[in-house]
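Structural overview
For reference, the chains in residue letters:
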Amino acid sequence: MDTQQPSDPRPIQQVIEIAIRLGLTLLLLVICLNILSPFISLVLWAGVIAVAISKPFAVMQEKLGDSKKLAVTVFIAIGLSITLIPAIMFSGSLFQTVTHIGLGIADGTFVVQPPNESVRDWPVVGAQAFEVWSNASSDLTGVIQGNRDMLADYGRRLAGIVVGLGSGIIQFAISIIIAGVFLANSDASNSALRKLSRRLRCTRGDELVDLTVATIRSIAVGVLGIAAVQALLAGVGMVSVGVPGAGLWTLIVLVFAVAQIPALLVLIPVAFYVFSVESTTVSVIYLLWSVVVALSDTVLKPMLLGRGVEAPMLVILLGAIGGMIYLGIIGLFLGAVILALAYK
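This report concerns the structure included in the present document. (Residues numbered from 1 in each chain as written. Predicted model: local features only at pLDDT ≥ 70, side-chain atom pairs only at ≥ 80, totals over all residues. Heavy atoms only, no water.)

1. Quick notes on the overall build of the protein chain
Short version of the rule: Put simply, DSSP marks the helices as runs of H or I at least four residues long and the strands as runs of E at least two long, and each gets a number from the N terminus on. Based on C-alpha atoms, the radius of gyration is set beside the globule rule, defined as 2.2 Å times the residue count to the power 0.38.
A count of helices and strands for the protein chain gives 12 helices and 0 strands. Along the chain direction, N to C, the helices and strands of the protein chain fall in the order α-α-α-α-α-α-α-α-α-α-α-α. The C-alpha atoms of the protein chain give a radius of gyration of 28 Å, which is well past the 20 Å a tight globule of 344 residues would have. Dimensions along the principal axes, computed over C-alpha positions, put the protein chain at roughly 110 × 55 × 40 Å.

2. Brief notes about helix α5 (residues 148–184)
Under the convention used in this document: For a helix, the expected span equals 1.5 Å multiplied by the residue count minus one. Throughout this description, buried means an accessible area under 20% of the type-specific maximum (1.4 Å probe, protein chains only), exposed means over 50%, and partly exposed covers the range between.
The end-to-end C-alpha distance of α5, which contains 37 residues, comes to 54 Å, matching closely the 54 Å that a straight helix rising 1.5 Å per residue would cover. Taken as a whole, α5 has its buried residues at Ala 173, Ser 175, Ile 176, Ala 179, Gly 180 and Leu 183.

3. Topic: the packing of helix α1 (residues 10–63) against helix α7 (residues 205–240)
Just so we agree on the cut-off: Structural elements are reduced to axes, namely lines fitted to C-alpha atoms, with helices fitted over the stretch in contact, and the angle between N-to-C directions of any two is expressed from 0 to 180 degrees. The scheme is simple: roughly parallel for angles under 35 degrees, roughly antiparallel for over 145, roughly perpendicular for 65 to 115, oblique for anything else. Residue contacts are defined here by distance: any two heavy atoms, one from each residue, within 4.5 Å place the two residues in contact. Under the scheme applied here, ten amino acids are nonpolar (Ala, Val, Leu, Ile, Met, Phe, Trp, Tyr, Cys and Pro), four are charged (Asp, Glu, Lys and Arg), and all others, including Gly, are polar.
Interaxial distance between α1 and α7 falls to 9 Å at its minimum, and their mutual angle equals 85 degrees. Our classification of the angle between α1 and α7 gives roughly perpendicular. Facing α1, whose interface residues are Val 48, Val 51, Ala 52, Ser 54 and Lys 55, α7 presents Val 213, Ile 216, Arg 217 and Ala 220. Here the contact of α1 with α7 is composed, by residue class, of 6 nonpolar, 1 polar and 2 charged.

4. Here's the deal with the packing of aromatic side chains
Within a pair of aromatic rings, the relevant descriptors are the distance that separates the centres and the angle that separates the planes. Basically, it comes down to this: To pair, rings of Phe, Tyr and Trp, with the six-membered ring standing in for Trp, must have centres within 6.5 Å; the planes then decide the type, stacked if under 30 degrees apart, edge-to-face if over 60, and tilted in the middle.
Here the structure, examined in full by the defined rule, presents 3 aromatic pairs. Relative to Phe 333, the ring of Trp 45 lies with its centre 5.8 Å away and its plane at 75 degrees, an arrangement referred to as edge-to-face. In this pair, Trp 45 is assigned in helix α1 and Phe 333 in helix α12 (residues 331–343), connecting sequence segments 288 residues apart. Classification of Phe 333 as buried rests on a relative accessible area of 3%. Taking the centre distance of 6.5 Å and the plane angle of 85 degrees together, the rings of Phe 57 and Phe 75 count as edge-to-face. Of the two residues, Phe 57 sits in helix α1 while Phe 75 sits in helix α2 (residues 68–107), which places them 18 residues apart along the sequence. Taken as a pair, Phe 57 and Phe 75 share a single burial class, namely buried.

5. Let's talk about the side chain of Ser 283
Rules: Throughout this description, a polar contact denotes any pair of N or O atoms lying within 3.5 Å of each other; where both atoms belong to protein, one of them has to be capable of donating a hydrogen while the other can accept it, and for residues adjacent in sequence the pair is counted only when both atoms sit in side chains.
Note on placement: Ser 283 falls in helix α10 (residues 280–304). Under the relative-accessibility criterion, Ser 283 is labelled buried at 1%. In terms of polar contacts, Ser 283 uses its side chain to reach the backbone carbonyl oxygen of Ser 279, at 2.8 Å. With residues up to four places along the chain from it excluded, the contact list for Ser 283 reads Val 274, Phe 275 and Glu 278.

What follows is the structure, encoded as structure tokens:
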């Protein structure tokens, strides 16, 4: 008579125990990720800044007698100055301007100058702009009262943009400090990154790390660098002809240039304004200057974007634009890096 032996329950128990441990480990990782999520963007930006600035930092360190601590201190001081001082000046100027306009409207001393007749000739919006401008110059209080809801909505949007911009500047300042820590420990950071890449990609790990570094530097120079040049030149032109709020318009040009949106969308309306208040000669010179500024990226981009990167410029550019649409400004770098790595 055959007797059936009872099955051994130990393998089933081991599988259950492993599943429970994996589940608890995964839960712990998810909780840790949620806890650290506010700092992920800061660390990513710090890594991008550290990589982008590593070559100039090495030169500065050599000039300072190979003192890494002193070089890091100088880098953080310069970075925070470049980030915070213009922000403080801009916010102070904006506050004073808004306060001055508000008090002037309240006591009736703020006057809008009537538009020039040439405003009527502006394409598409000329007639409407002339009418609104004329009404504001003759009865500003009435225009404000008649458009109270629309102006309140625009005010809330503007306040939200200013708050978001201020938050972004503070986060960027923190990232600069973290980048200084990365630069102070650059050898250890580089070694750890290369060990990780070798483990993930075996023999091609170092190659992919070098590609990542080159891509980040290429975007820093070929996108942000060109955008800064365009904004600077646009600002010089607007200040030269006395455009009101030139600093704000310059900031908008910078944002558009980073987003790869044609700067002419900002500069052409400003040129219309210049034509309405300046002589024809000055206006034509400013218009030509604006066109040169807006088209300068078509000359500079092929020279700078993708230089030193073993991937086509189109791959880098598409990665930067698509990454920014998907992930925001940090996507400029992440998108280009991911697409370059995928291409390789």
